[in-house]
Amino acid sequence: MPVAYLKETPSQTGGPYVHIGTLPAVAGLPVRTQENLSVLASGSVPGERIRITGVVWDGAGHPVKDALLELWQADAAGRHDNPDFPGFGRAAADFATGAFSFETVKPGALPWRDGRTQAPHVCLLIFARGINIHLHTRMYFSDEAEANAADPVLKSIEHAGRRTTLVGARDEADGVVTYRFDIRLQGENETVFFDV
Amino acid sequence: MDERGDFIRRDRKWHPPAFTPGYKTSVLRSPRCALVSVEQGVGEKAGPLFFPRGGLDPLDNDLICNFSKGGEAIGERIVVHGRVLDENRRPVPGTLIEVWQANAGGRYRHKNDSYLAPLDPNFGGTGRCLTDAEGYYFFRTIRPGPYPWRNDGSDWRPAHIHFSIFGEAFVQRLVSQLYFEGDPLIPLCPIVNTIPDPAAIDRLVARLDMGQQMPFDALAYRFDIVLRGRRQTFFENKREGN
Ligand SMILES: [Fe+3]
């Protein structure tokens, strides 16, 4: 007899109304309206202030306007245990345009399993109608080319050409640092999604 | 560096695949390339411990009362309760469960839902709770109604409650749906049927639990949840200084 582990509860789509439970104000409910989970950094949290913005695109090139994104990252020192910076955020795609946006700080480099280092990055999960089990990806930073070239996770992507789908493009305008990160669910330049 | 074990790999044959043409919306929203398997890093093995930031409200797990405009929500009053365990049968304490659902008529309180069933002024359809030290959770609500949706013409969703769980690590994150024992719409549902194994579908079916009813108030349904568990670390090679 093989050893019996419990089986994980199977996933189902979050559906089009995922916001009711996760971002009720976005759904139009007059509750928890003071919560803005797309803003991770407030007050005097150390680190470079950045905005991450983009659109999730489907296989026909249409924006996924009901997408919910969750972001998980280290603080500017590369740590996940900072009580002043929880490192977790949520953002809904705009119902009209599909655009999402996070306000945060640029994370530091993180340790990897064998003493190596991971390039600065944020983890992203994507939930939406039609997505049966959430998709897990990462955004790296275009101004970290050297660290990205040495990153163990990027290097594990066999087709080097696909690694660029995980790099957010830095832009500075009016004193705001923005990284543009589009996520393509399918087709040309399909984003790399991970089984972690 | 997190010295604790990695999480057991996800069994992707047990979960629904991304591309399930019976559920039409998945056709253009499913990656065509294979997922890239990577080892778990410190970030994936950690999770948001400080969420929700403001703490919970005492009514957050009472959907009959938490949107009251003077009255209570209309519908069949139920308690949903159960336990969150990991694959090693260890309880998952202090983890956030978020739920959302339609009202008794099958209508969601969401900007984008235009189903003709009326809204219930006293029902919002959102709730959340934390598991206790033994992994137990409960909330009180009304049984949601089935509703039609555009797929193969007018398909009907079985009554269901959406739920979202964090666990202690980002790789344990899970979003799914709870169905009700005996609902004849379950086997007809294209979204249920994205799951290939009937044994896996059965795991999403909450059981009537007469022992835990609130007498003269609410029926009870039992729904246990399993998140990924950690591997033991007997044979991990450890280098100096790590
Ligand atoms: Fe639903």
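(A) Broad picture of unusual backbone geometry. Residue and element names in this part refer to chain A. Backbone geometry at Asp 174 places phi at a positive 55°, although glycine is not the residue there. What makes Asp 174 exposed here is its relative accessible area of 80%. In the Ramachandran plot, Asn 189 falls in the positive-phi region, its phi being about 60° despite a non-glycine side chain. Relative to the helices and strands, Asn 189 resides in the loop between strand 11 (183–184) and strand 12 (194–195).

(B) Representation of the coordination of the iron ion. Residue and element names in this part refer to chain B. The coordination sphere of the iron ion, as far as protein atoms go, consists of Tyr 108 (OH), Tyr 147 (OH), His 160 (NE2) and His 162 (NE2), spread over 1.9 to 2.2 Å. Relative to the metal, the four donor atoms surrounding the iron ion lie at angles of 90 to 162°, and the coordination shape comes out irregular. As a motif over one chain, the donors of the iron ion read Y-x38-Y-x12-H-x1-H. Exposure class is identical for His 160 and His 162. Each is buried.

(C) Spotlight on the side chain of A:Asn82. All names here are of chain A. Along the chain, Asn 82 turns up in the loop between strand 2 (68–73) and strand 3 (88–92). Polar contacts involving the side chain of Asn 82 include one to the side chain of Asp 75, which spans 3.1 Å. Among the polar contacts made by the side chain of Asn 82, one reaches the main-chain amide nitrogen of Asp 84 at a distance of 2.8 Å.

(D) Fine view of the packing of aromatic side chains. Throughout the structure, instances matching the rule amount to 10 aromatic pairs over all chains. Measuring from centroid to centroid gives 5.3 Å for A:Phe88 and B:Phe166, while their planes differ by 80°, and the two rings are edge-to-face. Taken together, the residues span two chains, with A:Phe88 in strand 3 and B:Phe166 in the loop between strand 8 (160–165) and strand 9 (174–180). Considered together, A:Phe88 and B:Phe166 belong to a single accessibility category, that of buried residues. Centre to centre, the rings of B:Tyr23 and B:Trp149 are 5.7 Å apart; their planes meet at 75°, and the pair counts as edge-to-face. Of the two residues, B:Tyr23 sits in the segment before strand 1 (36–37) while B:Trp149 sits in strand 6 (residues 147–151), which places them 126 residues apart along the sequence. Of the residues examined, B:Tyr23 reaches a relative accessible area of 2% and is grouped as buried. Aromatic ring contacts, followed pair by pair, group A:Tyr17, B:Tyr108 and B:Tyr147 into a single cluster. The positively charged end of B:Arg32 is found above the aromatic ring belonging to B:Phe19, 4.6 Å away from the centroid.

(E) View of the pattern of salt bridges. The final tally for this structure, using the stated rule, is 34 salt bridges over all chains. A:Lys7 is the partner of B:Asp11 in a salt bridge, and the nearest nitrogen-oxygen pair spans 2.5 Å. One end of the pair, B:Asp11, is in the segment before strand 1; the other, A:Lys7, is in the segment before helix 1 (19–22), on a second chain. Among the residues examined, A:Lys7 registers a relative accessible area of 32% and is labelled partly exposed. One salt bridge connects A:Arg79 with A:Asp81, and the closest N-O pair in it is separated by 2.8 Å. A:Asp81 gets classed as partly exposed once you look at its relative accessible area, which sits at 46%. It is possible to trace a salt-bridge network through shared partners that takes in A:Glu48, A:Lys106, A:Asp143, A:Glu144, A:Arg170 and A:Glu172.

Rules and cut-offs
- Residues numbered from 1 in each chain as written.
- Chains lettered and ligands numbered in written order.
- Predicted model: local features only at pLDDT ≥ 70, side-chain atom pairs only at ≥ 80, totals over all residues.
- Heavy atoms only, no water.
- Buried < 20%, exposed > 50% of the residue type's maximum accessible area, 1.4 Å probe, protein only.
- Helix = DSSP H or I, 4+ residues; strand = E, 2+ residues; numbered from the N terminus.
- Donors = N, O, S within 2.8 Å, 3.2 Å for Na, K, Ca; no water.
- Tetrahedral: all angles 85-135°; square planar, octahedral: opposite > 155°, others 65-115°.
- Polar contact = N/O pair within 3.5 Å; in protein donor to acceptor, adjacent residues only side chain to side chain.
- Phe/Tyr/Trp six-rings, centres within 6.5 Å; stacked < 30°, edge-to-face > 60°.
- Lys NZ or Arg CZ within 6 Å of the ring centre and 35° of its normal.
- Salt bridge = Lys/Arg side-chain N within 4 Å of Asp/Glu carboxyl O.

Keep in mind these values describe shape, not function.
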